[in-house]
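Now for the letters of each chain:
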Amino acid sequence: MASPIQIILNQENFEEVRDAGGGGPKKDFFAQRDDDFRAHKRVLVAQLDEVATALAAQPQGQIGYIRVILCREAWAKSHRPLRSLFRPDRIALVGGGDLGEMYFEACPRTLRAIAIDIAGAEEVTRLKPDPSSGRLIPHPSMIKSEVGGIDRIELYGPGDRRRFSVDEALNWLANPMTGSSYQIELFEVPPPRSQWDAADPARQRLYATFVEGLAEIGHGLTVQRLQTTERDQPQLSLRLGRSAEPATVRMTLSPSGDRKRTRDLTPFDPDPGRHRRLLAFLDHHPLVRRIELPPILTRTIIGDRLSARSSSGPNRVRPDKATLPNRNTTRTYPRIGVVDGGIGASLSDWVIDRWEILDAGDVDADHGTFIGGLVVGGATLNGTEICPEPDGVEIVDVAVFPDEDKPRAFSSYYPDGLSQFFDEIEYAVADAKARHGVRVFNMSLNIQHQATPDHYGFYASRLDAIAEANNSVFFLSAGNTTPQGLRSEWPQDETQALVALASARNDGLLMPAESVRNVAVAALNPPGYSDIVAFAPARYSRRGPGLRAGVKPDLAHVGGSGSPQSPHGHGLFSMKPDGDVCDGCGTSYASPLVAKTAAVLDQSIEGEISRETLIGLLLHHARMPDVLASKTHSSVARDLAGFGVPPSANEILEGDDHQITLVFASRVRRDQQIAFRFVWPPSMVSPDGKCRGSAKLTLVSTPPLDSRFGSEFVRVNIDAALQQEDLDKQGKLHWKGRLDPVYLPGKSDAPTIEAERIEHGLKWSPVKAFAKTMPLGIGKSSNWRLFVGYLTRAGEQIPDDGVPFTALLTISDPKRSAPVFNDMRQVLNAQGVRIEDIRTAARIATRV
């Protein structure tokens, strides 16, 4: 019998006052190492004096920016030097870089005051009796603890701002696809000149030297502010053109409704001297945080560049022609927006609307049509083992990406570069959502920059903001390697597979797949080839982790073989614009298969389910391919396939009698926590109270983000736990967590410091997963609870309207004998818990 997913309706009954705790104790990082601490203090004081002297002498005034780098053991919130040395009433925290790196705005007077405090920290280890054991333990002052946690203090300087040469810049900017503009991040953008009088003289000088210095670069310079969210680092576009017009420096944003392409670009000025002068100015100005070359967006089609080899070929049969289902206008279908370069006439029956800004001569519909063919007729063309969803999807064709073979076409549509391209996506998504209810979008386009661990990319941030504003989800390709970067085919031997991965280079995730509000998809091999491992990572598929915290890619699906074999090619089939059958490979083609499952889920559930629930359903039910499921591959699997491959929407929504999946969709609000108490299914509780079975918990949240803080851009950590009632040594009742993070190396390696909690426990990740199988039973009580709480970064507040989240909990019987579904329904009904089939819950629930 089908046992559908149940959503808990009366979530408000389980909110309670948050137990904030007292934070961690002060730690003496130099306990019993007094001589080392004296030396450490001297080094920090000297570093502060050096930075203060440099700021006092800089021509732009005495305001500058410093980096405070913490030692690995001091990354936790409770160890940060923000309560005494770098407290908010003394110095402003303005951002961060890698984990444990804090950026402050500073002036010489403040730095010298901090140096005096550091010099005054006690140099002898203080001890006090431990209340529980009576033994002597370190008891440092606040200042000593903070000083000990600091590794070094540095001036933020030219070497931090730019990572390319003038020659590299000239070669890159000469490509019209770039828009020929530098992209500049600022610590602060100067306000309109009419407001400068509100600032102190030092800040006025900082503003003036920046604006006037740009103007002095002279003719042909165009400076324009780019659209960012309130919490993003301010961004400027700087372009040197061959023009007699004086420099145009525009620090204010253009009106949000202005989307006309109203200006033609002047020819790019390749004069090395002018670029050298501009970059030297930017390198040394304190307001500049980062100077980047503009990214290039591509479809990264790899299949066309690979040569086929002779083989016995796949066991599957290549279809002779594409036989698509006829669209029935009297029924409803799942809907997907395809963000690409256009969809051909062969799929016109299934295209319900087109966002058309491209002239006919600038349309290249091959890539978009292949994607469209997969979502419309994938099961017919490839079989249900690869495409498990039924054929038929209505498409909104978001044709915004012009033909790559015409390099100047992109700049003619988007003279302000990639930022303007994402503006167009924003308009198109809002229109498709408003007019057609489309919430699932596939975007198999990648920026040819690898995601970096310490930098939440500008364009990932833009996509995240678009998705959140429209309660939608983008499904993004993880990116393909270059032909030169292809890994060898996945071997049958597990050890050889690890060796091959270790030797691979330049195969990291491509931007904007580091997006945290959306879903990145990697590619797997198709089944049916005699000499290619089915469902192993495709040799071209790029891997995570992308950013430090979290799992990227999120999911994986079949993307075609990277070793084509004649006559069947890549083993993934779709259509050309003229309707002919073709084959191809790429993460571009894995992504729409996941997007289709999401669209079917969205259609199958009444009302508008939350983004968190839609993503959570996919991740919670995903299964790691067998080839990656062994312990040997546990350390690499998540970077290659994320949480695995999602099953069909029908399989997700309908379980069996031996399991139950509960969905808790709510918000964590300030000073509140969620504690959902329940009794374990009686059929899996032994007479002595031990509870057996399996449990899996997945949490998806939408915390506030702030790109100014680098790797620490997630500002609120939402956490969840499945806990069992237990007695401590004193006989006092407490709750004990019973699940392990799914990517924890092992119980003996349980995380003990912040760095390990981030890497293995996914602390600060918006997505978390936990699981455990208890075949012999555990504990002595049948009382359990699902707990959801939060932790903020130092100085951060949870938003007034809380943080939305969805927690999915599956309890099952591995023996497939216990009536878990009926047991839990009876238990929950007896407790007064209101539950409903998720597919119809929107009739009576405000949030699903």
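Residues numbered from 1 in each chain as written. Predicted model: local features only at pLDDT ≥ 70, side-chain atom pairs only at ≥ 80, totals over all residues. Heavy atoms only, no water.

Draft legend 1. Spatial organisation of the overall build of the protein. Broken down by element type, the protein carries 18 helices and 38 strands. Computed over the C-alpha atoms, the radius of gyration of the protein is 28 Å, within 12% of the 29 Å expected from 2.2 N^0.38 for a compact globule of 848 residues. Residues classed as buried in the protein amount to 60% of the 848 residues present. Approximately 33,300 Å² of the protein is accessible, and the part contributed by carbon and sulfur atoms is 48%. (Helix = DSSP H or I, 4+ residues; strand = E, 2+ residues; numbered from the N terminus. Rg over C-alpha atoms; globule rule 2.2 N^0.38 Å. Buried < 20%, exposed > 50% of the residue type's maximum accessible area, 1.4 Å probe, protein only. Areas by Shrake-Rupley, 256 points an atom, 1.4 Å probe, with all protein chains shown as cover.)

Draft legend 2. Representation of the environment of Met 624 in the model. Summarising the element assignment, Met 624 is placed in the loop between helix 14 (611-621) and helix 15 (637-641). Each C-alpha atom, one on Met 624 and one on Arg 638, is 8.9 Å from the other, the two residues being 14 residues apart in sequence. Not counting residues up to four positions away in its chain, the partners in contact with Met 624 are Ala 629, Ala 637, Ala 641, Gly 642, Phe 643, Gly 644 and Tyr 743. (Contact = heavy atoms within 4.5 Å.)

Draft legend 3. Main features of the sheet that holds strand 32 (residues 716-727). Sheet architecture is open: five strands sit in the order 3-30-36-32-33, paired in antiparallel fashion. Here the strands that pair on one side only, and so sit at the sheet edges, are strand 3 (15-17) and strand 33 (733-737). Within this sheet the neighbouring strands show an average axis-to-axis angle of 40 degrees, counted without direction. In the sheet, strand 3 pairs with strand 30 (residues 672-679) via three bridges, with the strands oriented antiparallel. Residue pairing in the sheet places Val 17 in a bridge with Gln 672 of strand 30. (Pairing = 2+ DSSP bridges. Axes fitted to C-alpha atoms, helices over the stretch in contact; angles between N-to-C directions.)

Draft legend 4. Examining the sheet that holds strand 2 (residues 6-8) more closely. With mixed pairing, the seven strands of this open sheet are ordered in space as 34-35-31-37-29-2-38. Across the chains shown, the open sheet's two edge strands, defined by having one partner strand only, are strand 34 (740-741) and strand 38 (835-837). Alignment of strand 34 against strand 35 (residues 767-778), held across two bridges, turns out to be antiparallel. The partner of Asp 740 across the bridge, within strand 35, is Ala 771.

Draft legend 5. Seen up close, the side chain of His 79. Mapped onto the elements, His 79 comes out in the loop between strand 4 (64-70) and strand 5 (92-96). Residue class for His 79 comes out buried when judged on its relative accessible area of 12%. In this structure His 79 touches Pro 25, Lys 27, Phe 29, Glu 73 and Ala 74, once residues within four positions along its chain are discounted.

Draft legend 6. Representation of the confidence of the model for the protein in the model. Mean pLDDT over the protein: 90, with 94% of residues reaching 70 or higher. Per-element averaging of pLDDT across the protein places strand 16 (residues 309-310) at the bottom with 48 and strand 20 (residues 440-443) at the top with 98. Every residue in residues 746-751 is under pLDDT 50, and counting partners more than four places away or in other chains gives six contacts. (pLDDT = per-residue confidence, 0-100.)

Draft legend 7. Main features of helix 12 (residues 494-503). Among the residues making up helix 12, those that are buried are Ala 497, Ala 500 and Leu 501. Seen from one end, helix 12 has its buried residues packed into an arc of 100 degrees, which puts them on one side. Projecting away from the buried face of helix 12 at angles above 90 degrees are the exposed residues Thr 495, Val 499 and Ala 502. If you follow the buried residues of helix 12, they end up packed against helix 15. Measuring from the backbone nitrogen of Thr 495 back to the side-chain oxygen at the start of helix 12 gives 3.1 Å, which picks out Asp 493 as the cap. (Arc of directions from axis to C-beta. Polar contact = N/O pair within 3.5 Å; in protein donor to acceptor, adjacent residues only side chain to side chain.)

Draft legend 8. Geometry of the pairing of strand 36 (residues 783-792). Counting buried residues along strand 36, eight of its ten residues qualify, which places the element largely inside the surrounding structure. Two elements, strand 30 and strand 36, share six bridges in a ladder whose sense is antiparallel. Pairing of Phe 678 across the sheet is with Trp 784, part of strand 36. Of the pairings in the sheet, the one linking strand 32 to strand 36 comprises nine bridges and is antiparallel in character. In the sheet register, Asp 719 faces strand 36, and the bridge partner there is Gly 789.

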